[in-house]
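The primary structure of each chain is shown beneath.
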Amino acid sequence: MQIKKMLTPYQINGCEIKNRFVVPAMVSNLCDADGNLTKEFYEYHRAKAQGGWGLIITEDFGVNPTGVGYKNCIRLYDEKQVPQNQQFTKMIHSYGTKIFAQVFHPGRQTNASVNGGAQPVAASTIPDAANRQVPHQLTVNEIHTLVKQFGNTARLLKEAGYDGIELHLAHGYLLAGFLSLRQNRRTDEYGGNLENRLRIVREIYHEMRREVGLNFPITARISTVEDTIDGRKFPETMAIIKELEKIGFDGLSLSNSEYTPYTPEIISSGFTPRGYT
Ligand SMILES: Cc1cc2nc3c(=O)[nH]c(=O)nc-3n(C[C@H](O)[C@H](O)[C@H](O)COP(=O)(O)O)c2cc1C
């Protein structure tokens, strides 16, 4: 009986998904150094669509040239990359599978070496324990620019045929950092109480919504706990989730943790050539 339910369709903001099997966002490292979709990337996802998954969520798209999380990070902020993504979503759709794009900004959990030498940015200047580069604290003007960039990427993703967007609020990246009392020590309107720490997320949601219209799924992914000694615990996450629902997100994916609990060896592999030992 329960297995039968897994095979029934459902909808997220008007997007009909043929069954309950969802591939969560997973970095494949199969794009090229400019974030173009390679043949391997294409075939990797084709196998999943062919296998019958109802919904695939892509790895995390960067929204600007200095917001790249790792070497070969997927990204979409330039019209030039729309056609290859159109071809990709068309292929996925030919199997009856839907595809959402995850969008993110890595915040302090990246490295200048993969961002053309640009210093990582974050809510505050506290470095990530694994990466250790001191981030630049985003100014209010820079936040406003970033909000627009998320909107631009949302518009391009819709044009490219993606069926929805998942905004990445998990795993300690930039937006998780704004939500976090440990990472966010700001004293302006983007720090302090929960309403302020949620402000950038609310602004990005509304900017993306303005670009894609009402009938297009925008979901969020959040870590239930930060998984660090003094990190966020579940009750506060529940309070955030209630706010995300009020903001208008159409769905939620729950994950866990941030970079810090992991070992630097695992993390650094994202910044080194393939096969590096
Ligand atoms: C190689 C790899 C890459 C991942 N990349 C992302 C990512 O880009 N975005 C994200 O939200 N989660 C990412 N994740 C987390 C997965 O979506 C998933 O939550 C995690 O693997 C736990 O699910 P599992 O127990 O089924 O593996 C990644 C996981 C793996 C193993």
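That block above? That's the structure.
Residues numbered from 1 in each chain as written. Predicted model: local features only at pLDDT ≥ 70, side-chain atom pairs only at ≥ 80, totals over all residues. Heavy atoms only, no water.

Draft legend 1. Representation of helix H8 (residues 234–247) within the structure. The end-to-end C-alpha distance of H8 is 20 Å, a good match for the 20 Å that 14 residues give at a rise of 1.5 Å each. Buried-residue contacts for H8 involve strand E8 (164–169), helix H5 (174–179), helix H6 (194–197), helix H7 (199–212), strand E9 (218–223) and strand E10 (251–255). Gly-248, located one to two residues past H8, shows a positive phi value of around 130°. (Helix = DSSP H or I, 4+ residues; strand = E, 2+ residues; numbered from the N terminus. Expected span 1.5 Å × (residues − 1). Contact = heavy atoms within 4.5 Å.)

Draft legend 2. Structural context of the site of the ligand. Every residue close to the ligand is listed here: Pro-24, Ala-25, Met-26, Val-27, Asp-60, Gln-102, His-168, His-171, Arg-221 and Ser-255. The backbone of Val-27 places a nitrogen or oxygen atom 2.9 Å from a nitrogen atom of the ligand. For the ligand, the protein covers 50% of the area, taking 610 Å² as the surface of the free molecule. In terms of residue class, the shell around the ligand is built from 4 nonpolar, 4 polar and 2 charged. (Near = heavy atom within 4 Å. Polar contact = N/O pair within 3.5 Å; in protein donor to acceptor, adjacent residues only side chain to side chain. Areas by Shrake-Rupley, 256 points an atom, 1.4 Å probe, with all protein chains shown as cover. Nonpolar A, V, L, I, M, F, W, Y, C, P; charged D, E, K, R; others polar.)

Draft legend 3. Local environment of the pairing of strand E5 (residues 98–103). Judged by how many residues are buried, E5 sits mostly within the fold: 5 of 6 residues are covered. Considered for its hand, the β-α-β crossover made up of strand E4 (residues 55–61), helix H3 (residues 82–93) and E5 is right-handed. Where E5 and E8 come together, 4 bridges link them in parallel fashion. The residue bridging Gln-102 from the neighbouring strand is Glu-166, located in E8. (Buried < 20%, exposed > 50% of the residue type's maximum accessible area, 1.4 Å probe, protein only. Right-handed = clockwise from strand over helix to strand, strands pointing away. Pairing = 2+ DSSP bridges.)

Draft legend 4. Region of interest: the pairing of E10. Of the strand pairs in this sheet, E9 and E10 are connected by 5 bridges, and their pairing is parallel. Following the sheet pairing, Ile-222 is matched in E10 by Leu-254. For the segment spanning E9, H8 and E10, crossover handedness is right-handed.

Draft legend 5. Fine view of the nonpolar core. With 56 residues, the main nonpolar core has Leu-167, Val-201 and Leu-244 as its most contacted residues. At 7 residues, helix H4 (residues 140–159) tops the list of elements feeding residues into this core. Setting aside chain neighbours within four positions, we find Leu-244 in contact with Leu-169, Leu-198, Val-201, Ala-220, Ile-222, Phe-249 and Leu-252. Membership of the second largest hydrophobic core comes to 8 residues, among which are Tyr-10, Ile-12, Cys-15 and Ile-57. (Core = buried A, V, L, I, M, F, W, Y, C linked by side-chain atoms within 4.5 Å.)

Draft legend 6. Structural detail: the environment of Thr-38. With respect to the helices and strands, Thr-38 occurs in the loop between strand E3 (22–23) and helix H2 (39–51). For Thr-38, a relative accessible area of 19% gives the class buried. If we skip the residues at most four places from it in the chain, Thr-38 touches Leu-30, Cys-31 and Asp-32. Only 2.4 Å separates the side chain of Thr-38 from the backbone oxygen of Leu-30, close enough to count as a polar contact.

Draft legend 7. Seen up close, the sheet that holds E3. Taken together, 6 strands build an open sheet; the order of strands is E3-E4-E5-E8-E9-E10 and the sheet is parallel. Looking at the sheet topology across the chains shown, the edges are occupied by E3 and E10. Docked against the sheet, H4 engages E4, E5 and E8, running at close to 165° with respect to E5. Running over the sheet, H8 touches E8, E9 and E10 and is turned about 175° from E9. (Axes fitted to C-alpha atoms, helices over the stretch in contact; angles between N-to-C directions.)

Draft legend 8. How the structure looks around the packing of H7 against H8. Their axes nearest at 11 Å, the elements H7 and H8 cross at an angle of 25°. With respect to H8, the element H7 is oriented roughly parallel. H8 is crossed by H7, and the crossing has right-handed handedness. Mapping the contact onto sequence places Val-201, Arg-202, Tyr-205 and His-206 in H7 and Glu-243, Leu-244 and Ile-247 in H8. Of the residues contributing to the contact of H7 with H8, the split by class is 4 nonpolar, 1 polar and 2 charged. (Parallel < 35°, antiparallel > 145°, perpendicular 65-115°, else oblique. Left-handed = near helix turned anticlockwise from the far one by under 90°.)

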